[in-house]
Structure formats: structure tokens, C-alpha cells
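In case you want the letters, here they are:
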Amino acid sequence: MKLTMTALSLATFAFAAPSFAEELTGDAEAGAKVFAKCQTCHVVQDADGKVLAGKNAKVGPDLWGMPGRVAGSFEGFKYGKSIVALGETGFVWDEASFVEYVADPAKFLKARLDDKGAKSLMSFKLAKEEDAKNVYAFIASLSPAPAEAAPATN
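Residues numbered from 1 in each chain as written. Predicted model: local features only at pLDDT ≥ 70, side-chain atom pairs only at ≥ 80, totals over all residues. Heavy atoms only, no water.

Let us look at unusual backbone geometry. If you check the backbone angles, Asn-56 has positive phi at about 65° while not being a glycine. The backbone of Asp-114 shows a phi angle near 50°, a positive value even though the residue is not glycine.

And the structure:
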């Protein structure tokens, strides 16, 4: 009986506990407008192949499921060595790191990898922090929760 009550209490807590999902500070609607700058290289395409944002560009990786995904791990995309090396450390995308990355991808990789020779294949920079937060919120609004996204591999 005691074990049953403990199990029920834990189950109740699991459903009543607050979500540990990332709290976003950006505006997804505003991010949809800024994403127009990103769609030259990126698309947000769901697991069924439906394009949710962008023009089906393939220069950069599909950003569906990017929030909470290991860096450099979208299956089927050929990444540069530095972003793959970052992913191999277990690095996972969140809003703060995305904002820092898009401001200056090469600088971000050099700092995170502690490697002055690190390079990024992404040359575009989204310098305004508010724009970057909004784009991240937009991508997150179209993506599944990190646990629901299909497992990615290098």
C-alpha cells in the first residue's frame, strides 16, 4: 500500500510539475518576418516533408527541431568540421546560444571550441539581438518539443 501511494504521489507530481521547457523571450510573429533573411539558405520542413517556413532552400540545414537539438546533427546535412566538433561535445541549441551564434558564427565557434582556427560555413550574421531572439522563437513555434523531435545523427 505504501509503495502504491508513493507511486501515485510521484505520478501526480510528474503531471503537476512545471514544464522545464525553455522560456523564450522572442516574438515568433516578428521572427517570421525576420526569417525572410534566413530562407535564402534555410527551410523549416517537418518530418512529413511539409515546408512550414522558407523556400525549401538546402544551402543550410533544415531548422525544424533545431531548438534542443545537438549542434551539427541534422541527419543528411553535410556540416563543417567545427560545428560537428561542437556537437560532439554534447552542445545543444538554446535561445541564448542561438542568439550568440547568429551574431557572429565564426567567433562563436572559436570561443566555444577554444580553437582560433575554428570556421563556420555560415557567413551571414544577424547582428540585432532582438531579431535573433525573434527568429529563434519563430523556429521554436514551428518545431516539436526537443524530446519529440526525431533523433539526429552526424
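Turning our attention to helix α5 (residues 105-113). Turning to α5, its buried residues are Pro-105, Phe-108 and Leu-109. Along α5, the residues classed as buried sweep out an arc of 95° about the axis, all on the same side. Seen from the buried face of α5, the exposed residues on the opposite side, beyond 90 degrees, are Lys-107 and Ala-111. On the buried face of α5, the contacting elements are α3 (81-88) and α4 (95-103). (Buried < 20%, exposed > 50% of the residue type's maximum accessible area, 1.4 Å probe, protein only. Helix = DSSP H or I, 4+ residues; strand = E, 2+ residues; numbered from the N terminus. Arc of directions from axis to C-beta. Contact = heavy atoms within 4.5 Å.)

A few words on the packing of aromatic side chains. Tallied over the full model, the rule gives eight aromatic pairs. Judged by centre distance (5.5 Å) and plane angle (55°), the rings of Phe-35 and Phe-138 are tilted. One end of the pair, Phe-35, is in the loop between α2 (28-34) and β1 (43-45); the other, Phe-138, is in helix α6 (residues 129-142), with 103 residues separating them in the sequence. On the basis of relative accessible area, Phe-138 is assigned to the buried category, the value being 11%. Relative to Phe-108, the ring of Tyr-101 has its centre 5.4 Å away and its plane inclined at 85°; by these criteria the two rings are edge-to-face. Side by side, Tyr-101 and Phe-108 carry an identical accessibility label, which is buried. Feature note: the residues Phe-91, Trp-93, Tyr-101 and Phe-108 constitute an aromatic cluster, connected by ring pairs. (Phe/Tyr/Trp six-rings, centres within 6.5 Å; stacked < 30°, edge-to-face > 60°.)

Mean pLDDT over the chain: 84, with 81% of residues reaching 70 or higher. For residues 1-20, every residue scores under 50 in pLDDT, and the model assigns this stretch zero contacts once sequence neighbours within four places are set aside. This stretch, residues 148-154, has a pLDDT under 50; its non-local contacts, to residues over four places away or in other chains, come to twelve contacts. (pLDDT = per-residue confidence, 0-100.)

Here we take up the pattern of salt bridges. Pairing between side chains becomes possible if they bear opposite charge and their charged atoms approach one another. Taken as a whole and judged by the stated rule, the model has three salt bridges. With a shortest N-O distance of 3.1 Å, Glu-100 and Arg-112 are connected by a salt bridge. Here the residue Glu-100 occupies a position in helix α4, and Arg-112 occupies one in helix α5, the gap between them amounting to twelve residues. Salt-bridge contacts for Lys-125 lead to Asp-104; the nearest nitrogen and oxygen are separated by 3.6 Å. In this pair, Lys-125 sits in the loop between α5 and α6 while Asp-104 sits in the loop between α4 and α5, placing the two residues 21 residues apart along the sequence. For Asp-104, a relative accessible area of 22% puts it in the partly exposed group. (Salt bridge = Lys/Arg side-chain N within 4 Å of Asp/Glu carboxyl O.)

Here we come to α6. With 14 residues, α6 ought to run about 20 Å at 1.5 Å a step, and its terminal C-alpha atoms sit 20 Å apart, in line with that. Considered for burial, the residues of α6 that qualify are Asp-131, Ala-132, Asn-134, Val-135, Tyr-136, Ala-137, Phe-138, Ile-139 and Ala-140. Tucked into the core, α6 has its buried residues touching α2, β2 (51-54) and α4. (Expected span 1.5 Å × (residues − 1).)

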